[in-house]
Amino acid sequence: MTFNDTEQGEGAAQGGPHGRSGAPGDCPGSFVGGQRGRSGASGGAPGSFGGGPRGAAGALIDLDKELMKLLVRRATLVSRIREGRDQAVTPAAVRAEKEVRLAWEASAVDFSRDPVFTRQLFNLLQDIKVLNREQARNAGVFTLQPPRRPVSGVLSGPADRRAAAMRILAAACLGSPLRLEKLLPAPALLDTVKSCARAGVAAACEYTGDGFVSVRVDPGPALAPVGRTLFVGDDSLTAHIMAVTALKQSGILRLNGGGRLKAADLSALRRILPLFGARMAHVVPHSRGLPAVLECSGSLPAQVDVPGDMPLDALSALLFAPPFWNVPIRINLAAVPALTAAHALAEVRPLHEALGADAETAGPCVEYRPAPLSLPERVSVPLDPILSAFLLALPFFAGGAVTLEGEWPEQMPPALEALRMLNHAGLELERDAACIRARATGKPSVFRSWSGDLSCGRSRGPAALFLVMCAAGPGATKADAEFALRLFEGDEHEQAGEFLSRAGITVGTTGGNAAAHAPQLPGSGNSPAAWTCPDACWGMAYALAAFAGPGLRLANPGTVSEAMPTFWKLYNSLPELKEPLPVSAPAHKSSFAVSAPAHEETAQPQAGRRRVRA
């Protein structure tokens, strides 16, 4: 956790226990010195807010300001104890931190009887770091300046993380062995493997030394989540599959997750569970996410009519689980939007075929009948169509050719739309069972003749790619950018407009042949402000926009690394795409069993160094 200190914070953070001036506001425990405003003294007695709820809110705002000053000051003192290091390493620093911790625990008894809470709060306070304005402005910022030379390279394409997760969970449900190679060490995939291990499945992850990981599931007892308290990390698909596979059993499953799933909306899953004789209660009042308690009766219906508001993760889980229930059941998708249903079916169908499941699609319904299931120890994982599309689009912006090794998922709606876009952009595409190749031909593109659907089952990756090709590709015009912008609605329209603005791309109310982009080079004295992308697809689109406007700055490159940890290493290797070096493998081991305790070291994307190309 970091704080961007203000002038007031810097003043409060300097000096010894009494600060620079010895003013009362610098005394430990004193809350004097903030804006009192309409609320009166922020350190007044409880209830003396002089104005009901609004006065209480004002007093709380003032108190928060004082807390921020104190936190900045505390972080500065911690850094002084550690001699500027991230952790205490010298014997004196270790003794000092131990003294502070023991004093904290002794004092905390007067305020809380929960030792876990007090310990977690102390650890959180110890991790706070103070950044000055310049550090905060440049912390983790990537300056994007790819070389404008034709790209070339043959590399292993990014495997579909969702498809890999389903295969891992299928092996866990059967208790059969499985080995998957060449997977990206994305946090969501590691959460899937960890969840299986915590549920009693022998699952492990191994770093292969080439930037990828392999996942191994050993034969053993089948997955039985009921009766457990299961932590599923931040992967929504794994959480839904764990919940749905438990419906066949009778009992209670307690699910917990990371910050994203705690803030997620699982109400659609909660509403459909009564159709399966189950119910889910959220532990936190008024919450829609985790932690939650799932009570299952083990009594499954003959038919389920899926409501139309079912999100993709929940729908894919509902279609994934029936073969493992070993009962006849019909899933009616008539109310589900066609693209969402097609996306979910395309995700599970190859897996069901590999399992030998008896699943038949009749109109809007999918009928499942009991059948013996078996999963080959080595099954293929198709390419991720969205991540692969961004890599295949590189020749469109820079020329040259790119070849990705892997199986292209032909039936996935995003894969179909991505191929149409790349063909429409004038790229020559060649593919077979083992690879797909994109080559620049120099043919002009008329984007305004596009008539496809960019929603692709509620995935915005193709839409972000289409926008950057229209607005920042060779020969882009204002009319092209305006046409692409009109395909977005609501909040997504605002995101697309901000993307164009931060990329220096100008659009107006009328069309024309003027260039849509206005490059702003860092050396020109008008360096663009760093942009915080809303998700990984927008971040990769921003990286492609830098071919037209070098010097763009991205404030949160880690968002892209979470989806594709190797992306920035590939980007920095341009114009020749090279297989990346290991990504954040543990320093002391090359493999780990993810059934290990919470302190077990796992792969996390590195922030990386800021890369500026000449």
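Each value, and the rule that gives it
Every residue gets a number counted from 1 within its own chain, in the order that chain's sequence is written. Under the rules for a predicted model, residues below a pLDDT of 70 receive no local features and side-chain atom pairs below 80 are neither given nor counted, while totals for whole chains, interfaces and linings still include all residues. Excluded from the side-chain calculation are hydrogens and water; included are all heavy atoms of the structure. Whether two strands pair depends on DSSP finding at least two bridges between them. Working definition: helices are DSSP H or I runs of at least four residues, strands are E runs of at least two. Numbering for both runs from the N terminus. Only protein chains enter the accessibility calculation, which uses a 1.4 Å probe; a residue whose area is less than 20% of its type maximum is buried, one above 50% is exposed, and one in between is partly exposed. Axis definition: a line fitted to C-alpha atoms, limited for helices to the stretch in contact. Angles are taken between N-to-C directions and run from 0 to 180 degrees. Whether two residues touch is decided by their heavy atoms; if any such pair falls within 4.5 Å, the residues are in contact. A residue's pLDDT is the confidence the predictor assigns to it, expressed on a 0 to 100 scale. Geometry of aromatic contacts follows a simple scheme: Phe, Tyr and Trp rings, the Trp one being its six-membered ring, pair when their centres are within 6.5 Å, and the pair is stacked under 30 degrees between planes, edge-to-face over 60, tilted otherwise. For this analysis, a salt bridge means a side-chain nitrogen from Lys or Arg found within 4 Å of a carboxyl oxygen belonging to Asp or Glu.

### Points about the pairing of strand β17 (residues 427-431)
Move 1: Judged from the five bridges that link them, β17 and strand β18 (residues 435-440) form a sheet pairing that is antiparallel. Bridging from a neighbouring strand, Glu-428 pairs with Arg-439 of β18.
Move 2: Where β17 folds back on β18, the antiparallel hairpin that results is connected by three residues.

### So, helix α11 (residues 312-320)
Move 1: Of all nine residues in α11, nine are buried, a share of seventy percent or more.
Move 2: Of the positions making up α11, those classed as buried are Leu-312, Asp-313, Ala-314, Leu-315, Ser-316, Ala-317, Leu-318, Leu-319 and Phe-320.

### So, the sheet that holds strand β11 (residues 292-297)
Strands belonging to one sheet form pairs held by backbone hydrogen bonds; the direction of such a pair is parallel or antiparallel.
Move 1: If you walk across this open sheet you meet the four strands as β8-β9-β11-β10, and the pairing is mixed. Where the open sheet ends on each side, the last strands, each with one partner, are β8 (229-231) and β10 (278-282). Here the average twist between neighbouring strands, direction ignored, is 20°.
Move 2: This element, helix α8 (residues 236-245), spans β8, β9 (250-256) and β11 of the sheet and lies at about 170° to β9.

### Here's the deal with the sheet that holds strand β13 (residues 329-332)
Move 1: The four strands lie next to each other as β12-β13-β15-β14, forming an open sheet whose pairing is mixed. Both edges of this open sheet fall to β12 (303-305) and β14 (358-362), since each of them pairs with a single strand only. Taking each pair of neighbouring strands and ignoring which way they run, the sheet shows an average axis angle of 15°.
Move 2: Two elements, β12 and β13, share three bridges in a ladder whose sense is parallel. Of the residues in β13, the one forming a bridge with Val-304 is Ile-331.

### A look at the confidence of the model for the chain
Note that predicted coordinates carrying low pLDDT should not be read in detail.
Move 1: Summarising the model, the chain shows a mean pLDDT of 81, and 79% of its residues fall at 70 or more.
Move 2: Every residue in residues 518-525 scores below 50 in pLDDT, and together they form 14 contacts with partners more than four places removed in sequence or on other chains.
Move 3: Within the model, the stretch residues 582-614 combines pLDDT values under 50 with 69 contacts to residues more than four positions away or in other chains.

### Some thoughts on the packing of aromatic side chains
Move 1: Counted under the stated rule, the structure contains 15 aromatic pairs.
Move 2: Arranged with centres 5.7 Å apart and planes meeting at 50°, the rings of Trp-104 and Phe-122 form a pair that is tilted. Taken together, the residues Trp-104 in helix α3 (residues 91-108) and Phe-122 in helix α4 (residues 115-126) connect sequence positions 18 residues apart.
Move 3: Owing to a relative accessible area of 5%, Phe-122 belongs among the buried residues under this scheme.
Move 4: Of the aromatic side chains, those joined through ring pairs into one cluster are Phe-488, Phe-499, Trp-531, Trp-538 and Tyr-542.

### With respect to the pattern of salt bridges
Move 1: For the coordinates displayed, the defined rule picks out 21 salt bridges.
Move 2: Put simply, Glu-428 and Arg-439 hold a salt bridge, and the shortest N to O gap is 2.8 Å. Taken together, the residues span a long stretch of sequence, with Glu-428 in strand β17 and Arg-439 in strand β18 at a distance of 11 residues.
Move 3: Taking the relative accessible area as the measure of exposure, Arg-439 reaches 30% and is therefore partly exposed.
Move 4: A network of salt bridges, in which partner residues are shared, links Arg-330, Asp-358, Glu-360, Glu-367 and Arg-369.

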